[in-house]
Amino acid sequence: MSASRPLFSCFGVELEYMIVRAADLRVAPWADRVLVDDTGRPVSDVDRGAVTWSNELIAHVVELKTGAPAPALDGLAEAFAGEVGELNRRLAPHGARLLPTAMHPTMTPAEAVLWAHEYSEVYATFDRIFDCRGHGWSNLQSAHLNLPFAGDAEFGRLHAAIRLVLPLLPALAASSPFVEGRLTGLADNRLDFYRRNSARLPALNGGVIPEPVYSEADYESTIYAPIAAQLAPHDPDGVLEPVFSNSRGAIARFDRSSIEIRLLDLQECPAADLAVVRTVVAVLRDLVAETRVSHAAQRAAGTTPLRSLFEETVRVGEDAPVTDPLLLASGGLGGPVTAGRWWRAQIERLDPVAGASSAERRALETYVRAGTLSRRLRTAYEAGLPLATIYQALADGAPENRPFAP
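Nothing here was measured: the structure is a model prediction, and the numbers come from that model. (Residues numbered from 1 in each chain as written. Predicted model: local features only at pLDDT ≥ 70, side-chain atom pairs only at ≥ 80, totals over all residues. Heavy atoms only, no water.)

(A) Broad picture of the pairing of strand S9 (residues 250-253). Burial of S9 is two-sided: the residues Ala-250 and Ala-252 facing one way and the residues Ile-251 and Arg-253 facing the other way are all buried. Relative to strand S10 (residues 258-265), S9 is paired through four bridges, and the arrangement is antiparallel. Its bridge partner lying in S10, Ile-251 is registered against Glu-260. Counting the residues between successive antiparallel strands, the hairpin from S9 to S10 contains four residues, one of them, Ser-257, with a positive phi of roughly 50°. (Buried < 20%, exposed > 50% of the residue type's maximum accessible area, 1.4 Å probe, protein only. Helix = DSSP H or I, 4+ residues; strand = E, 2+ residues; numbered from the N terminus. Pairing = 2+ DSSP bridges.)

What follows is the structure in structure tokens.
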């Protein structure tokens, strides 16, 4: 994301997929078999033009991301699906393929293997401090949305709007109902692990919902400085930087003038991810434009109630009650509703997939009709479908941009 681009003038999208054995879907730590240069040497990035392949902390995860800021979201669902298909072709000789969704449904932490090539020193330092074998580090795949801003004024407007929306995102995008082969009862297990993974140094995730800071200077003093102070005794060599250690649900990157939203679970196919991204962008545009609530009111939103709502949407997804007057007003709703109803009202009001691909429209229609992917996976499992059958169907559907409906 280049510096000083105006609000909503471009988009960065990142999708993280698991590499699994094709026969039994067990995780396969083989990212270095496809992330290679022309000589076959493992590398951190493979430039494919519109989409780049990258490594992550764990060796069974590969990230697909826009190679440069995209001026529009049009065509990205098809581009990402094409890259999923290409990675599957390159993994096939190894007996492997990609698997979508935010958590592997049966993986245990003992199966985790760290990426051991470029930048491995950073990953080894995180592992030494936090033990990255846990699900909160080794089993969480997300879709990241990067949005630009130009200067403090635009940063403040965007950050205020994002803070309001973050607690509602699990009710739109939860896709992780299983842990180690069982339903836990939570809608979004990925985010439940994510909010706890750096508890040893709480300044790093700050309760997930970021503090109400609206300038670079305030962000530095309120967020980056405490992170640096907590890291220092555990990282005397200074391997970890506060900017890259910040793990709030949305993180500011002033070096590239963007905010990255991290609370979206990966969906079943790129079209579903892009439908979610379009919906979030439409709501943020509406908030920044002050269509229903003023910027001043957005800035004044308290962190504690936002964090409480986030915990509830992680727990029950779209069934979480939305009672905060500011959130209700921002959605054009007059009384308490469920978080699912809040999202359906925005989808109806803003029509975020107007002009999008038919696959994206089908994906959002599936959400409106049948709820989050987490709910749909649970419904299929409780109807008697084995986990292997469900997740093989997800793997088959990802490169075809096929929504999952039980």
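Still to come is the rest of the account.
(B) Local environment of the nonpolar core. Residues Leu-147, Leu-169, Ile-261, Val-280, Leu-284 and Trp-343 are the most contacted members of the largest nonpolar core, which totals 119 residues. Judged by nonpolar contacts, the second largest core, of 14 residues, contains Met-18, Leu-373, Leu-377 and Ile-390. (Core = buried A, V, L, I, M, F, W, Y, C linked by side-chain atoms within 4.5 Å.)

(C) Examining the packing of aromatic side chains more closely. What the rule picks out here adds up to 12 aromatic pairs. Look at Phe-126 and Phe-130: their rings are 6.2 Å apart centre to centre, the planes differ by 25°, and that puts the pair in the stacked class. With Phe-126 and Phe-130 both in helix H2 (residues 120-130) and four residues apart, the pair spans about one turn of that helix. Residue Phe-130 is classed as buried on the basis of its relative accessible area of 11%. Consider the rings of Phe-178 and Tyr-391, whose centres lie 6.2 Å apart with planes at 70°: the pair is edge-to-face. Highlighted residues: Phe-178 in strand S7 (residues 178-179) and Tyr-391 in helix H16 (residues 387-397), separated in sequence by 213 residues. Among the residues examined, Phe-178 registers a relative accessible area of 1% and is labelled buried. Residue classification places Tyr-391 among the buried residues on the basis of a relative accessible area of 1%. Over the aromatic face of Trp-30 sits the side chain of Arg-33, whose NZ or CZ is 4.2 Å from the ring centroid. (Phe/Tyr/Trp six-rings, centres within 6.5 Å; stacked < 30°, edge-to-face > 60°. Lys NZ or Arg CZ within 6 Å of the ring centre and 35° of its normal.)

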